Amino acid sequence: MRIERRLEQPRWLAVAVPLVSLVVAFAVATVVLLATHHPPLHTFRRLFDAAFLANGALTETVVAATPLAFTGLAAAVAFRMNLFNIGGEGQLYAGAITGATAALLVAGAPSPVVIALMMLAGAAGGAVLGAIPGILRAFFSTNEIITSLMLNYVVALILDYLIFDSHSYLRDTSGFQANVFPQGKMMPDSGTWSTWTLHGLVVPLGALVALGVATAVWLLYSRTRFGFEVRVIGDSARAGRYAGMRTRRKILAVMCLSGAIAGLGGASQDGDFRHQLDPRGLTQSNYGYTGIVVAALARYNPFAVVLIAFLLGGLQNAGYTLQGADFPSGLVGVLQGLILFCALGGELFVRYRVRFERRRAPAAVEPVS
Amino acid sequence: VNNSLLVVVLASGIAYGTPLLYSALGELLAERSGVLNLGVEGMMLVGAVMGFWAVQRIHATTALALLGAIGVAAFAGALMAAIHAFLVVTLRANQIVSGLALTIFAGVAGLSSYLGNDLNLAANPARHQFQGIFPNSFQDLPVVGPIVFGQTALDYAAWVCVLLVALYLTRTRTGLNVRAVGESPAAADAMGINVTRYRYAHTLVGGAFAGVGGATYSLSITPQWIAGLTQGAGWIAIALVIFAFWRPTLCLVGAYFFGAFTALPFALQGHGVTVAPELFQSLPYVMTVLALVLVSSRAARLRFGAPAALGLPYVREER
């Protein structure tokens, strides 16, 4: 068996491979379900119903998909440049902290002002956190994978500290109940992000912002010089350097952008859905890590990120809804993992051609790429 | 004396450090061969759940049941690592994404919880658990009693593992070959070393170590199965490998250091001092970032740094 690089990647493969990967993932999941005595078809049907068909399911799916779109875009922006920012998780927390602080500080202002400030503060919080691994990578060539990962935990602990172990400005200290069961201060009404209802589907402002960010990222990466340079550096850092591109600046800019998008997702958590700083809810959802899965499945294309976020959001929503004694818990993670494994494996067939030939056959001479 | 803060923290630091030590040793072996596996947390959890399952099902004496459970946990961890190895070595997938996928697949919301739920493991205490192996008269000795003699067989076995891994990497031919594969797979290949086989073997052994690390929780520290009981220890283990500059002996120091930080807030509380536990819990992470910055300079990287080919797939034709 020989594996050789394709000189050009056929278009149809880019569609066919993900679809086949999906089928294979579900086939493996079927085996897992059968091996553990769960009826596979019935289980998948319930999953699909709970995700998309049931009453109000679509609305809940959008709720689950919105943060994934933000973190997915954040990951896609950085990964496209071979900058492995896996700090989306922490950057989202940071955005949630700064967003909530902004909302509480300017509670009296008119609602659009409060909302705009929350977005700004959230994006800024995420960007600052993204800048730390960015600076370390750009100026000390410190591996950004590990530093961004470590910061996730640091910010998660700060989040816990703010609500559970201190009397911070963000903690609700109003009454007896709030002191026994620590929780974040409720946001003012002016900080509640607006929603629109279309045929029973509730569209939160955050989802629209995510769409807007996806469009902006697409424009930035495919229509501007900045985006071109980022893509060149991503494909070959050396080529970029020889062409005189300012790699350090770009690393810093992309890490800040990536952090800002994730931070915006954190502000959307405050304004759209939770209406208070909610450490447990945020840290248990793993939006940041799932966002990396989303970005990888979407092959870093911003519009595909939104679509995949919607599909995976459906899966997660179904997981929450069906949580109970008669539904196999952990199935959603297993499915997500399998889909990603298959997509990753399938990537080989897009980039390479697998040829079966006899051991001793004279190898065809091909030009070295 | 044995109730003094220092002794309590050191003794429980070793106990809390042991799972970190096992997992970090495993990750170190994988990384030394050039494979970054971010799936440690997932492998630990699957090891924990399968080890716990085994100890509930094996009907034998305590020692045999625990030994069997450790074997099962190691096997389960290796099995999880095999997925990662296949994807990144054979299919040349991105190691970061594949490792994260492994953690999602096997982690809290994935296979480990699925298995724990399906095998009905929750809410039962372990039928057998690791306990101190020295008689009480030894454990009551001042200072050294709790620290040196108060540990379980798993903790002592970890010391042996550190020694073995350190000797393996510096004193055996295969160990030196592993380092060659991690530093320069092309050169290793030219020497006639089978890069693929080495990377598979060490990723799998790494998974086995992570499985044992996870089982340390379900059989010794917690001793029961709770979904997600490792609480992010897998990520600390990854940090630890860097903190230890990819050296097994420093892993031991780092693991107990980080373990002590986990234990310190509880110990302080016992002495009537309340400190926000987050302060100490965040120290390992902050210190890892600092350590990483320190070894990032060119000179330090050559001496203490990561294996040069860490995270890069090796494709013979693309040299």
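Here is a short report on the structure shown in this document. None of these values were measured; they are calculated from a predicted model.

When helices and strands are tallied, chain B shows 15 helices and 0 strands. Its C-alpha radius of gyration of 20 Å places chain B within 12% of the 20 Å reference for a compact globule of 319 residues. Seen through its principal axes, chain B has C-alpha atoms that stretch 60 × 45 × 35 Å. Across the 319 residues in chain B, those meeting the buried criterion constitute 58%. A separation threshold of at least 6 residues defines the contact pool for chain B, and within that pool the share at least 24 residues apart is 77%. Just so you have it, chain B exposes about 12,700 Å², and 67% of that area is on carbon and sulfur atoms. Across chain B, 15 positive and 11 negative side-chain charges occur, with their mean positions spaced 12 Å apart.

It is worth spelling out the nonpolar core at this point. Judged by nonpolar contacts, the single largest core of 203 residues is most densely connected at Ile86 of chain A together with Leu38 and Phe105 of chain B. At 13 residues, helix H6 (residues 144-164) of chain A tops the list of elements feeding residues into this core. Discounting chain neighbours no more than four positions away, the residues touching Ile86 of chain A are Phe79, Ile145, Ser148, Leu149, Asn152, Tyr289 and Ile292 of chain A together with Leu38, Ile96 and Leu100 of chain B. By size, the runner-up hydrophobic cluster in this structure holds 7 residues, among which are Val181, Ala188, Ile193 and Val195 of chain B.

Inspection of the secondary structure assignment puts Asn117 of chain B in helix H5 (residues 111-118). Its relative accessible area of 37% is what places Asn117 of chain B among the partly exposed residues. Through-space distance from the C-alpha of Asn117 of chain B to that of Gly17 of chain B is 28 Å; in sequence the pair is 100 residues apart. Setting aside anything within four residues of it in sequence, one finds Asn117 of chain B in contact with Phe327, Pro328 and Ser329 of chain A.

What follows covers the pattern of salt bridges. A side chain with one charge can pair with a side chain of the opposite charge if their charged atoms come near. Residue and element names in this part refer to chain A. A full pass over the atoms with the stated rule returns 8 salt bridges over all chains. Residue Arg280 pairs with Asp160 through a salt bridge whose shortest N-O separation is 3.3 Å. Of the two residues, Arg280 sits in helix H12 (residues 279-285) while Asp160 sits in helix H6, which places them 120 residues apart along the sequence. Via salt bridges that share partners, Arg225, Glu229 and Lys250 belong to a single interconnected network.

The end-to-end C-alpha distance of helix H8 (residues 205-223) of chain A, which contains 19 residues, comes to 26 Å, matching closely the 27 Å that a straight helix rising 1.5 Å per residue would cover. Considered for burial, the residues of H8 of chain A that qualify are Leu205, Gly206, Ala207, Val209, Ala210, Val213, Ala214, Val217 and Tyr221 of chain A.

Residue and element names in this part refer to chain A. Along the chain, Asn152 turns up in helix H6. Taking the relative accessible area as the measure of exposure, Asn152 reaches 3% and is therefore buried. Only 2.8 Å separates the side chain of Asn152 from the backbone nitrogen of Gly90, close enough to count as a polar contact. When residues no more than four places from it in sequence are discounted, the contact partners of Asn152 are Ile86, Gly87, Gly88, Glu89, Gly90, Tyr93 and Tyr289.

Moving on: the pairing of strand S3 (residues 201-204) of chain A. Residue and element names in this part refer to chain A. Here strand S2 (residues 195-198) runs beside S3; their pairing, made up of 4 bridges, is antiparallel. Along S3, the bridge assignment pairs Thr197 with Val202. Where S2 folds back onto S3 in an antiparallel hairpin, the turn is made up of 2 residues, including His199, whose phi is positive at roughly 50°.

Parameters at a glance
- Residues numbered from 1 in each chain as written.
- Chains lettered and ligands numbered in written order.
- Predicted model: local features only at pLDDT ≥ 70, side-chain atom pairs only at ≥ 80, totals over all residues.
- Heavy atoms only, no water.
- Helix = DSSP H or I, 4+ residues; strand = E, 2+ residues; numbered from the N terminus.
- Rg over C-alpha atoms; globule rule 2.2 N^0.38 Å.
- Buried < 20%, exposed > 50% of the residue type's maximum accessible area, 1.4 Å probe, protein only.
- Contact = heavy atoms within 4.5 Å.
- Areas by Shrake-Rupley, 256 points an atom, 1.4 Å probe, with all protein chains shown as cover.
- Lys, Arg positive; Asp, Glu negative; His and termini not counted.
- Charge placed at Lys NZ, Arg CZ, Asp CG, Glu CD.
- Core = buried A, V, L, I, M, F, W, Y, C linked by side-chain atoms within 4.5 Å.
- Salt bridge = Lys/Arg side-chain N within 4 Å of Asp/Glu carboxyl O.
- Expected span 1.5 Å × (residues − 1).
- Polar contact = N/O pair within 3.5 Å; in protein donor to acceptor, adjacent residues only side chain to side chain.
- Pairing = 2+ DSSP bridges.

Remember that the coordinates give geometry; whether it matters functionally is a separate question.
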